[in-house]
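Residues per chain, in single letters:
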Amino acid sequence: MNYFETYAPVVTWFAIRLIIIMAILFTLSLCQIDFVQAYPQAPIETDMYMELPKGIETHHGSSKDHVLMLLSNLYGQKQAGRIWNSYVVEKLCNIGFQPPLIDECVFFRDDVIFIVYVDDGIFLGPNNQTLTDVIRHPADYVGVMITNHSNGYIEFTQRALIDAIINDVNIGDAYTKPVPARATQQLHALKDSLCFDECDFNFNYRSVVVIFFFATHQVAKYSSDPRKKHGEAIIYIVRYLKKTHHLGLKFWPNESKGFEYYFDADFAGNWNKDFAEHDPSTAKSRSGWVIFYARCPIIWASKLQSQVALSTTEAEYIAMSMALRDVIPIMELMSEFRERNFKVMCTQPQVYCKVFEDNSGALELARLPKLCPRTKQINICYHHFREHIRLRRIKVLPIRTDDQVADA
């Protein structure tokens, strides 16, 4: 056993959302399992020992002179996640499930799909009789409450997580906010301003940012040296969460829509010459995108671009390229569904994606692979999707700015 081999794959969230949308669209059954005490079930790979925990005594004498030999894996072991994943994959293959080609945690057997996220799994099948009776309907999947409403839609909520954030920040009965941030406020490094003081705010900055996860990149980027303004921004976000904790993400598929993707870019929208010396990222543009399947969102993101764009065309083109890194794996996964005889919504023999763009320069650059003095500096890594456009697997379409749902 290699002590440093610790990687264990988990299913992507776009696969989870895609399968749930398919269940609604094609009236399929969706059920959940939870592996109890998962890690200890997997056989240990080699002899491992641990010191006696404090308070534990043996009849052999001093605990300092003895160790315990592990008979099974424990939660907290570096390799436990990888060993458990290997064990689950082996067992699934033994009962007829086929390993995936695209997503490492999506498995197929005849007309059944199984996805696994560590010790939580979801089955998708044609009817309840096909699935085992011990499997329950999805309720709490990796911290997300899944509610199946009688009028035909499924809702994702995270009330428990939001309540934990509110308790950690300790805002009490403070007034709430209808939006997560002030429209006119831009956060910067603010090196000359007051430092963040835990005594003033009653919470640990980094701990709260970790709970927020990816939704708060604006405050997360200043975790190494937070300032008072950044702490106030967190308070603003938590007040918004408190007001909207009852709201969720509703999946209500529209059969007339296919696989669509909208993106936009904010060219140097955070630029501020007063803070550029301490925060060079103010010169970078921001990409925003959202990917729909049957008009239900399966991926959305807002990220700073890794390089400084020199024009709006370049910023939009980089945004297109960044988002298509998410789109292409989804296309491959949907193609695998189709090859395994699962229903997939599309309007052409091949699964394809409609890309909606409101910048004519980026549209032309994507459709016509040419170099010109104003665009030849664009890094070649951003041209990776052109072959898919040439093969007509990705269709790039113009859209009015007012209709651009990914407006960054």
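This text gives an overview of the structure that appears in the document.

Rules and cut-offs
- Residues numbered from 1 in each chain as written.
- Predicted model: local features only at pLDDT ≥ 70, side-chain atom pairs only at ≥ 80, totals over all residues.
- Heavy atoms only, no water.
- Salt bridge = Lys/Arg side-chain N within 4 Å of Asp/Glu carboxyl O.
- Helix = DSSP H or I, 4+ residues; strand = E, 2+ residues; numbered from the N terminus.
- Buried < 20%, exposed > 50% of the residue type's maximum accessible area, 1.4 Å probe, protein only.
- Axes fitted to C-alpha atoms, helices over the stretch in contact; angles between N-to-C directions.
- Parallel < 35°, antiparallel > 145°, perpendicular 65-115°, else oblique.
- Left-handed = near helix turned anticlockwise from the far one by under 90°.
- Contact = heavy atoms within 4.5 Å.
- Nonpolar A, V, L, I, M, F, W, Y, C, P; charged D, E, K, R; others polar.
- Pairing = 2+ DSSP bridges.

This brings us to the pattern of salt bridges. Pairs can form between side chains of opposite charge whenever their charged atoms are close. Scanning the entire structure with this criterion turns up 2 salt bridges. For R295, the salt bridge identified is with E260, shortest N-O distance 3.5 Å. Here R295 is found in the loop between β12 (286-293) and β13 (296-304), whereas its partner E260 is found in strand β11 (residues 259-266), with 35 residues between them in sequence. Residue R295 is classed as partly exposed on the basis of its relative accessible area of 32%. The shortest N-O distance in the salt bridge between R340 and E336 comes to 3.3 Å.

This part takes up the packing of helix α1 (residues 13-25) against helix α9 (residues 312-339). Close contact between α1 and α9 brings their axes to 11 Å; oriented N to C, the two are set at 45°. Overall, the two elements α1 and α9 adopt an arrangement that is oblique. Remark: the crossing between α1 and α9 carries right-handed chirality. Contact with α1, carried on its side by F14, A15, L18, I19 and M22, involves P329, I330, L333, M334 and F337 of α9 and no other residues of that element. Residue composition of the contact of α1 with α9, grouped by class: 10 nonpolar, no polar and no charged.

The next thing to look at is the sheet that holds strand β4 (residues 106-109). Backbone hydrogen bonds are what pair the strands of a sheet, in a parallel or an antiparallel way. Across the sheet, 4 strands lie side by side as β1-β6-β5-β4; this open sheet has antiparallel pairing. Single-partner strands in this sheet number two, and they are β1 (29-34) and β4. Neighbour to neighbour, the strand axes of the sheet diverge by 20° on average, direction disregarded. Here strand β5 (residues 112-117) runs beside strand β6 (residues 120-125); their pairing, made up of 5 bridges, is antiparallel. For F114, the partnering residue across the bridge sits in β6 and is F123. This element, α1, spans β1, β4, β5 and β6 of the sheet and lies at about 145° to β5.

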